[in-house]
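Commentary on secondary and tertiary structure
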Amino acid sequence: MLDIPPRRKWLTLPEALPDKRGFWQDAAAWAASGALAIWADFHDGDAARPDPDWQARTARLIEVAYDTFNDRMARTSLLFFHDLNRAPIPASFNMFAAELPIKKAYRLFVGDFDPDNVQPPQVETFEYAGGASGVRAKRFTYTDRESGAVVARVVYYWRRDNVDCQLIATFVEPGEIEAALPGLDSWARSVVAYPY
């Protein structure tokens, strides 16, 4: 289970639509609601309603992201917004029982062994909520070697209470990483994961 404080500029992607709680009948309804929530996150809930054009455009971006990036294999799929006027960054979160020595585990979880890496991941130590420590890695992988197409990822890995936690943010536009990183770091530090 994930505990993410409010006003962190994120949306959790529903596993299926209509959702189990009956809030949204389809992706369009969920995206429209999500656009308003994100607007409120950026304005601390106090701003007037957004411009209708922005709301419609953002809802379309959210709906497309749901159709394109929802990782059915992940424990939780999310969308992170670092800028009101940019497309959301898809992210996935997973937890696993800690079975490997930690140094080998972090190399596995940051993708060090991926044969499609453009270069080895750039790994840094990273401090998480509650004093847990782990790493943050930037990695670039080929999606098509012939054309040279590359996708970028920022991978967060930490171990706590014998559970390995992995958060992956994917960037279709690698140039957006640096602008998004402060918000992603803050967001990652605020996440508390419970192994149940």
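How each quantity is defined
Residues numbered from 1 in each chain as written. Predicted model: local features only at pLDDT ≥ 70, side-chain atom pairs only at ≥ 80, totals over all residues. Heavy atoms only, no water. Phe/Tyr/Trp six-rings, centres within 6.5 Å; stacked < 30°, edge-to-face > 60°. Helix = DSSP H or I, 4+ residues; strand = E, 2+ residues; numbered from the N terminus. Buried < 20%, exposed > 50% of the residue type's maximum accessible area, 1.4 Å probe, protein only. Lys NZ or Arg CZ within 6 Å of the ring centre and 35° of its normal. Pairing = 2+ DSSP bridges. Axes fitted to C-alpha atoms, helices over the stretch in contact; angles between N-to-C directions. Contact = heavy atoms within 4.5 Å. Core = buried A, V, L, I, M, F, W, Y, C linked by side-chain atoms within 4.5 Å. Expected span 1.5 Å × (residues − 1). Arc of directions from axis to C-beta.

This paragraph deals with the packing of aromatic side chains. Using the criterion set out here, one finds eight aromatic pairs in the structure. When the ring of Phe109 is compared with that of Tyr157, the centres are 5.3 Å apart and the planes differ by 10°; the resulting orientation is stacked. With Phe109 in helix α3 (residues 102-109) and Tyr157 in strand β7 (residues 149-160), this pair connects stretches of sequence that are 48 residues apart. The two residues Phe109 and Tyr157 agree in class, both being buried. We note Lys9 situated over the ring of Phe42; from NZ or CZ to the ring centre the distance is 4.8 Å. The side chain of Arg189 reaches across the aromatic face of Phe126, ending 4.1 Å from its centre.

So, on to the sheet that holds strand β6 (residues 133-144). One open sheet accounts for seven strands, arranged β2-β3-β4-β8-β7-β6-β5; its pairing is antiparallel. Each end of this open sheet is capped by a strand with a single partner; those strands are β2 (10-12) and β5 (122-127). Averaged over neighbouring strand pairs, the angle between their axes works out to 25° when direction is ignored. Here β2 runs beside strand β3 (residues 76-80); their pairing, made up of three bridges, is antiparallel. The residue bridging Trp10 from the neighbouring strand is Phe80, located in β3. Contacts between helix α4 (residues 177-190) and the sheet are confined to β2, β3, β4 (89-97), β5, β6, β7 and β8 (163-171), with β7 contributing the most and set at about 20° to the helix.

Looking at soluble globular proteins, one finds that nonpolar side chains tend to be buried together. If you look at the biggest cluster of nonpolar residues, it comprises 24 residues, and the most contacted ones within it are Tyr156, Trp158, Leu167 and Phe171. Residue assignment for this core shows that the elements contributing at least two residues are β3, β4, β7, β8 and α4. Element by element, the count of residues in this core is highest for α4, at six residues. The residues contacting Trp158, other than those within four sequence positions of it, are Phe93, Tyr128, Ala132, Ser133, Gly134, Val163, Asp164, Cys165 and Leu167. Counting residues in each nonpolar core, the second largest holds 17 residues, with Trp30, Ala59, Ile62 and Leu79 among its members.

With that settled, the discussion passes to helix α2 (residues 52-69). Taking 1.5 Å per residue, 18 residues should reach 26 Å; α2 reaches 25 Å between its end C-alpha atoms and fits that length. The set of residues buried in α2 consists of Trp54, Gln55, Thr58, Ala59, Ile62, Ala65 and Tyr66. Summarising the axial view, the buried residues of α2 lie within an arc of 130°, below the 170-degree limit, and thus occupy one face. What points out from α2, more than 90 degrees from its buried face, is the exposed set Pro52, Asp53, Arg60, Val64, Asp67 and Thr68. Where α2 is buried, its residues contact β2, α1 (27-42) and β3.

Moving on, we come to the environment of Pro88. Following the sequence through the fold, Pro88 ends up in the loop between β3 and β4. Sequence separation between Pro88 and Ile62 is 26 residues; the distance between their C-alpha atoms is 7.2 Å. Other than its neighbours up to four places away in sequence, Pro88 contacts Leu61, Ala65, Leu79, Phe80 and Phe81.

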